[in-house]
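A look at the structure
Here are the chains, one letter per residue:
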Amino acid sequence: RTKFPEAALRVAAASQSALALGEYGAVDLFAHLAIDLSLHGAPFDLVALCAKAPADEMRHADYAMRMATLYAGQPVTVELDREGLAKVLAKRMSLEELDVMMLEVAVMSETLAVALLSECARVAKDTLAKAVFASLVADEVHHARLGWYYMAWRSPMWSLAERQHVADRAGQILVGTERQFWRGRDAPAGHEDAARALGVMGSTRQREVIGSIVEDEIVPGLDALGLGASHAWRVRRRGG
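Residues numbered from 1 in each chain as written. Predicted model: local features only at pLDDT ≥ 70, side-chain atom pairs only at ≥ 80, totals over all residues. Heavy atoms only, no water.

1. Re the overall build of the protein chain
Applied cut-off: We count a stretch as a helix when DSSP gives it H or I for four or more residues in a row; a strand needs E for two or more, and each element gets its number in order from the N terminus. Restricting the calculation to C-alpha atoms gives the radius of gyration, and the globule rule supplies 2.2 Å times the number of residues raised to the power 0.38. Partly exposed residues are those whose accessible area sits between 20% and 50% of the maximum for their type, while under 20% is buried and over 50% is exposed, using a 1.4 Å probe and protein chains only.
For the protein chain, the count of helices and strands is nine helices and zero strands. The order of helices and strands in the protein chain, counted from the N terminus, is α-α-α-α-α-α-α-α-α. For 240 residues, the compact-globule formula gives about 18 Å, and the C-alpha radius of gyration of the protein chain, at 18 Å, lands near that figure. Overall size of the protein chain, expressed as C-alpha extent along the three principal axes, is 60 × 35 × 30 Å. In the protein chain, which comprises 240 residues, the share counted as buried stands at 49%.

Dropping the structure here:
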């Protein structure tokens, strides 16, 4: 903490706290997905990859909480939306519902996470911060691949109605993605370099990273599955 100004540490602590909350929530989501993949007879490698993800996400939450506490100089807590998460986890999913959940959690969220965390690792100058982000990326890339591998397995079996259902949800997500990620973690004026050294990404760079990953990987990938994602991205909600 003596290496960085308090203003940069505060924004880094907030960033790590938010990361910890997201990673902890993903523990239950991937466990839920692993059960339903198994019940629907998905290939063994997909079930195994999904079953490993909760342990990865738990470790990520632990790392992020430790980093947030280090930056804050005192214990940090986060509040999980237990009620909201419980509603998601309350019932087993149909195969069509599983398609949408895999799209939301693995394809979209994890692919975006890989891009964002990779950029955090790239810009971080602090040795510890860089190592933590690199460790997270090494796991998250497998979680994103799980989503794309699932789609490659499942899409040839889709009926026209099932394909349209997934396409509709993909379109809804893409239309709001730019606006959702419009604001990053902006450090106070004069502390931008110090915050960046801790792996904190400001709004401008975050927008660039999101635009790049969506246009270079997500939209072409979804288009290749016949989901017409490029049409949704063209009419996305602009700005913050």
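Having seen it, we continue.
2. A closer look at the nonpolar core
Filter applied, for reference: By nonpolar core is meant a set of buried Ala, Val, Leu, Ile, Met, Phe, Trp, Tyr and Cys residues that side-chain atoms within 4.5 Å join together. Any pair of residues with heavy atoms lying within 4.5 Å of one another is described as a contacting pair.
One finds L33, L103, L174, V214 and L222 to be the most contacted residues of the largest nonpolar core, which totals 72 residues. For this core, the elements supplying multiple residues, two or more each, are helix 1 (6-39), helix 2 (44-72), helix 4 (95-123), helix 5 (127-154), helix 6 (160-180), helix 7 (192-197), helix 8 (203-224) and helix 9 (229-234). Per element, the largest residue contribution to this core is 14 residues, and it comes from helix 4. Apart from the residues lying within four places of it in its own chain, the contact partners of L103 are M108, M151, V166, R169, A170, I173 and L222.

3. What to know about the side chain of T111
Here T111 is to be found in helix 4. Contacts of T111, omitting those with residues within four sequence positions, involve A106, A144, W148, I213 and I218.

4. Points about the environment of S17
Take S17: it is sitting in helix 1. If near-sequence neighbours (up to four positions away) are discounted, S17 is found in contact with A68, V76 and V78.

5. Quick notes on helix 8
Quick note on the threshold: A helix is expected to span 1.5 Å for every residue after the first.
For helix 8, which comprises 22 residues, the first-to-last C-alpha distance of 30 Å matches the rise-based estimate of 32 Å (1.5 Å per residue) to within 8%. Of the residues making up helix 8, those classed as buried are S203, Q206, V209, I210, G211, I213, V214, I218, V219, G221 and L222. Each element contacted by the buried residues of helix 8 is listed here: helix 4, helix 5, helix 6 and helix 9. Two residues or fewer after helix 8 comes G226, characterised by a positive phi angle close to 80°.

6. Topic: the pattern of salt bridges
Under the convention used in this document: The salt bridge criterion pairs a side-chain nitrogen of Lys or Arg with a carboxyl oxygen of Asp or Glu, the two atoms within 4 Å.
Considering all chains together, one arrives at 16 salt bridges under this definition. In this structure, R59 and D56 form a salt bridge, with 3.4 Å as the shortest nitrogen-oxygen distance. Placement of the pair is R59 and D56 together in helix 2, with a separation of three residues, close to one helical turn. Assessed through its relative accessible area of 28%, R59 is described here as partly exposed. By relative accessible area, which is 5% here, D56 ends up buried. One salt bridge in this structure joins R205 and E208, with 2.8 Å as the shortest N-O distance.

7. Observations regarding the packing of helix 6 against helix 8
To characterise two packed helices, one gives the angle between the axes of the helices and the distance between these axes. We apply this condition: Geometry is summarised by axes, namely lines fitted to C-alpha atoms with helices restricted to the contacting stretch, and by angles between N-to-C directions that run from 0 to 180 degrees. An angle below 35 degrees is treated as roughly parallel, one above 145 as roughly antiparallel, one from 65 to 115 as roughly perpendicular, and anything else as oblique. Handedness of each helix crossing follows the sense of rotation of the near helix against the far helix: counterclockwise by less than a right angle gives left-handed, clockwise gives right-handed. Ten residue types, Ala, Val, Leu, Ile, Met, Phe, Trp, Tyr, Cys and Pro, are classed as nonpolar, four, Asp, Glu, Lys and Arg, as charged, and the remainder, Gly among them, as polar.
Across the interface, helix 6 lies against helix 8 with an axial gap of 12 Å and an inter-helix angle of 165°. In terms of their interaxial angle, helix 6 and helix 8 are classed as roughly antiparallel. With respect to the hand of their crossing, helix 6 and helix 8 are arranged in left-handed fashion. Listed contacts from helix 8 to A170, L174 and T177 of helix 6 are I210, V214, I218, V219 and L222. In terms of residue class, the contact of helix 6 with helix 8 is made up of seven nonpolar, one polar and no charged.

8. What about the side chain of E119?
In this fold, E119 is placed in helix 4. Residue E119 is classed as buried on the basis of its relative accessible area, which comes to 6%. With residues up to four places along the chain from it excluded, the contact list for E119 reads M201, R205 and V209.

9. Focus: the packing of helix 4 against helix 5
Remark: helix 4 packs on helix 5, axes separated minimally by 8 Å, with the N-to-C direction vectors making an angle of 150°. Looking at the two axes, helix 4 sits roughly antiparallel to helix 5. By crossing handedness, the relation of helix 4 to helix 5 is classed as left-handed. The class makeup of the residues in the contact of helix 4 with helix 5 is 20 nonpolar, four polar and six charged.

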